[in-house]
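Chains, contacts and geometry: an overview
Here is what each chain is made of, one letter per residue.
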Amino acid sequence: MRFTYLGHSCFLIESGSHRLLLDPFISGNPLTTDKVDILALKPDYILLTHGHSDHTSDAEHIALANGSLIIANFEVCNWFADRGCQTFALNTGGKKQFDFGTVKMLSATHSSTMPDGSDGGDPNGFLLQAENKVVYIAGDTGLNADMALIPKYFVRPDLAILPVGDVFTMGYEDALIAAQIVETSKVIGCHFDTFDPIKIDHNKAISTFATKGIELILPQINQVINL
Ligand code: NI
Ligand code: MN
């Protein structure tokens with residue numbers, strides 16, 4: 001699998017010939033507006049962890065332009081279906097096999113209002129199984145005890161994508177505990193630096209992870225990470 005960081009919590013995930021876009025917030029992100037070519041993304045699928053605009057603001061127009069299938073919770077899917085998008089709804093604990101792999105919807109501790117204030121259901125994370133790898137995508141969340149279930153579902157995740165920016169989600173100290181709980185040795189941090197309140201000290205975060213033998217990658221915009 002190939003992960004391209006598109007700022008905040010957005011990644012293009014390529015699995016074989018399949019293209020998945022996670023939590024698109026690009027045109028409204030001051031760090032990515034002039035760096036990411038939205039028209040070139042062409043995702044087959046768009047995965048949304050919750051309804052907040054810093055995870056969904058580009059989903060509608062990208063989905064409509066490319067015929068992408070939006071995978072999200074029931075309420076988020078209904079909101080996008082009302083706008084003409086194709087959707088596949090999961091809810092917490094459910095899993096579904098797609099042509100690129102399997103997605104299991106997990107809990108997250110956060111909120112999920114849609115951009116217009118309507119109900120976005122519960123926030124979620126995902127466990128993505130593809131190409132014989134397991135990836136934990138936490139979504140916006142605080143540290144929570146449900147994470148202890150994750151290594152029991154399949155095997156230890158080969159990679160976890162965790163928020164590290166603090167204030168609106170867990171910070172890197174709690175993300176390190178999360179990485180230990182889910183038993184992964186490789187973490188890509190997200191949800192950092194986009195706004196003033198979530199600017200973090202990169203060296204401190206990376207070295208804090210290193211003391212426990214866990215690799216923390218704080219990607220640059222457009223950085224590619226292969227798994
Ligand atoms: Ni959020
Ligand atoms: Mn967020």
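I will try to describe carefully the structure that is included in this document. Quick caveat: nothing in here was measured; it's all calculated off a predicted structure.

What follows deals with the coordination of the manganese ion (ligand 2). Distances from the manganese ion (ligand 2) to its protein donors, Asp 54 (OD), His 55 (NE2), Asp 140 (OD) and His 191 (NE2), fall at 2.1 to 2.2 Å. Read in sequence order, the donor residues coordinating the manganese ion (ligand 2) give the pattern D-H-x84-D-x50-H. A separation of 3.1 Å is found between the manganese ion (ligand 2) and the nickel ion (ligand 1), which share Asp 140 as a coordinating residue. Of the two residues, Asp 54 sits in helix α1 (residues 53-56) while His 191 sits in the loop between β12 (186-190) and α6 (202-210), which places them 137 residues apart along the sequence.

Let us now look at the packing of aromatic side chains. Taken as a whole and assessed by the stated rule, the structure comprises eight aromatic pairs. Three or more aromatic residues joined by ring pairs form one cluster here, namely Tyr 45, Phe 88, Phe 98 and Phe 100. Note that Lys 104 overlies the ring of Tyr 153, its terminal NZ or CZ placed 4.5 Å from the centroid.

If you walk across this open sheet you meet the seven strands as β7-β8-β9-β10-β11-β12-β13, and the pairing is mixed. Looking at which strands have only one partner, the edges of the open sheet turn out to be β7 (95-98) and β13 (215-217). Each strand of the sheet is rotated relative to its neighbour by a mean of 20°, with strand direction disregarded. Judged from the four bridges that link them, strand β11 (residues 159-163) and β12 form a sheet pairing that is parallel. Within β12, the position partnered with Ile 161 by the bridge is Ile 188.

The element β12 is extensively covered by neighbouring structure, given that five of its five residues are classed as buried. Of the two faces of β12, the one carrying Lys 186, Ile 188 and Cys 190 and the one carrying Val 187 and Gly 189 are both buried. Taken together, the three bridges between β12 and β13 define a ladder with parallel strand orientation. Of the residues in β13, the one forming a bridge with Ile 188 is Ile 217. With respect to chirality, the unit in which β12 leads through α6 into the neighbouring parallel β13 is right-handed.

On to the packing of helix α5 (residues 172-182) against α6. Packed helices, taken two at a time, are described by their axes: the angle between them and the distance between them. Contact geometry for α5 and α6: axes closest at 10 Å, N-to-C directions at 30°. Taken as axis vectors, α5 and α6 run roughly parallel relative to one another. Pair α5 / α6 crosses with right-handed handedness. Across the interface between the two elements, Tyr 172, Ala 175, Leu 176 and Ala 179 from α5 touch Lys 204, Ala 205, Thr 208 and Phe 209 from α6.

Let us look at the side chain of Thr 194. Along the polypeptide, Thr 194 turns up in the loop between β12 and α6. You can call Thr 194 buried: its relative accessible area is 7%. Side chain to side chain, Thr 194 and His 8 meet in a polar contact 2.7 Å long.

Cut-offs and rules
Residues numbered from 1 in each chain as written. Chains lettered and ligands numbered in written order. Predicted model: local features only at pLDDT ≥ 70, side-chain atom pairs only at ≥ 80, totals over all residues. Heavy atoms only, no water. Donors = N, O, S within 2.8 Å, 3.2 Å for Na, K, Ca; no water. Helix = DSSP H or I, 4+ residues; strand = E, 2+ residues; numbered from the N terminus. Phe/Tyr/Trp six-rings, centres within 6.5 Å; stacked < 30°, edge-to-face > 60°. Lys NZ or Arg CZ within 6 Å of the ring centre and 35° of its normal. Pairing = 2+ DSSP bridges. Axes fitted to C-alpha atoms, helices over the stretch in contact; angles between N-to-C directions. Buried < 20%, exposed > 50% of the residue type's maximum accessible area, 1.4 Å probe, protein only. Right-handed = clockwise from strand over helix to strand, strands pointing away. Parallel < 35°, antiparallel > 145°, perpendicular 65-115°, else oblique. Left-handed = near helix turned anticlockwise from the far one by under 90°. Contact = heavy atoms within 4.5 Å. Polar contact = N/O pair within 3.5 Å; in protein donor to acceptor, adjacent residues only side chain to side chain.

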